[in-house]
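An overview of the molecular structure
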Amino acid sequence: MTLSALLVSIVLASASLAWGYFQSGFGLYAIWILIFGAGWLLAIWRKWNWYSSIALLVYIVVAALGLWFEFNSSWMFAGGMLALFAWDVSDFRRRLNLSAKDDDTRGLERHHLIRISLLALFGFMLASITLSVRVQFTFEWVAVFVIFALLGLGQLVRWLRR
């Protein structure tokens, strides 16, 4: 269940960012984003757990740069939030592999995906509201939102570990 959510979120994050860059006339960067996304998929297959943290950092920087250069905000927000979702699910899968055989892993997966999906839905709703009101964020505001999103996700992970 988490594997399919992980793969879909990586593909959608890569496609969102690449499409946003392509629409703004940066086709070469869009290709590199897609190649990096394919690398992330390869890393899952090869079980390179370190790659997801690097991918999250790269995708957030790419999304923030896209917002800075005033690319389509919808695609940049979607790409960044889906990358954050993929990173969280990747980390959760890694921790789930360390669980005991008699643990209810299906139940843990279901509860985690519900919680993180609700968090992502709230983030998408907030981004949609700000985009529909035409609020333009400066780079500093985007950095603050990213920091709060990472802190919130960290808090969520700590709650789930209890």
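Since the structure is predicted, the reported quantities are computational estimates derived from the model, not experimental observations.

So, the overall build of the protein chain
A count of helices and strands for the protein chain gives six helices and zero strands. Here the protein chain has a C-alpha radius of gyration of 16 Å; the compact-globule value for 162 residues is 15 Å, and the two agree. In the protein chain, 71% of the contacts between residues at least 6 apart in sequence involve partners at least 24 apart. Only carbon and sulfur atoms are counted for the fraction: they give 70% of the accessible area of the protein chain, which is about 9,900 Å². A gap of 4 Å separates the mean positions of the 13 positive and 8 negative side-chain charges of the protein chain.

Some words on the packing of aromatic side chains
Working definition: an aromatic ring pair is given by the centre-to-centre distance plus the angle between the planes. Under the criterion given, the structure shown has 11 aromatic pairs. Ring geometry for Y21 and Y29: centres 6.5 Å apart, planes at 55°, overall tilted. For Y21, a relative accessible area of 7% corresponds to the buried category. Residue classification places Y29 among the partly exposed residues on the basis of a relative accessible area of 49%. The rings of F36, W40, W48, W50, Y51 and Y59 are connected pair by pair, giving a single aromatic cluster.

A closer look at the packing of helix 1 (residues 2-23) against helix 4 (residues 73-96)
Viewed as axis vectors pointing N to C, helix 1 and helix 4 meet at an angle of 155°, and their least axial separation amounts to 8 Å. Regarding the angle of helix 1 to helix 4, the classification is roughly antiparallel. Considering how the two elements wind past one another, helix 1 and helix 4 form a crossing that is left-handed. Along the lines of polarity and charge, the residues of the contact of helix 1 with helix 4 split into 18 nonpolar, eight polar and one charged.

What about helix 3 (residues 51-68)?
Helix length check: helix 3 (18 residues) gives 25 Å between terminal C-alpha atoms against 26 Å at 1.5 Å per residue, within 8%. Restricting attention to buried positions, one finds in helix 3 the residues Y51, S52, A55, L56, Y59, I60, V62, A63, A64, G66 and L67. Where helix 3 terminates, the next one or two residues include E70, which has phi positive at roughly 60°.

Concerning the nonpolar core
Counting residues in hydrophobic clusters, the biggest one holds 36 residues, and the most contacted among them are L17, Y21, I33, W40, Y59, M76 and F85. Of all the elements in the fold, those that place two or more residues in this core are helix 1, helix 2 (27-46), helix 3, helix 4, helix 5 (105-132) and helix 6 (139-161). Top element by residues in this core is helix 3. It accounts for nine residues. Each residue touching L17, except ones within four places of it in the same chain, is listed here: I33, Y59, V62, A63, W75, M76, G79 and G80.

Conventions and cut-offs
Residues numbered from 1 in each chain as written. Predicted model: local features only at pLDDT ≥ 70, side-chain atom pairs only at ≥ 80, totals over all residues. Heavy atoms only, no water. Helix = DSSP H or I, 4+ residues; strand = E, 2+ residues; numbered from the N terminus. Rg over C-alpha atoms; globule rule 2.2 N^0.38 Å. Contact = heavy atoms within 4.5 Å. Areas by Shrake-Rupley, 256 points an atom, 1.4 Å probe, with all protein chains shown as cover. Lys, Arg positive; Asp, Glu negative; His and termini not counted. Charge placed at Lys NZ, Arg CZ, Asp CG, Glu CD. Phe/Tyr/Trp six-rings, centres within 6.5 Å; stacked < 30°, edge-to-face > 60°. Buried < 20%, exposed > 50% of the residue type's maximum accessible area, 1.4 Å probe, protein only. Axes fitted to C-alpha atoms, helices over the stretch in contact; angles between N-to-C directions. Parallel < 35°, antiparallel > 145°, perpendicular 65-115°, else oblique. Left-handed = near helix turned anticlockwise from the far one by under 90°. Nonpolar A, V, L, I, M, F, W, Y, C, P; charged D, E, K, R; others polar. Expected span 1.5 Å × (residues − 1). Core = buried A, V, L, I, M, F, W, Y, C linked by side-chain atoms within 4.5 Å.

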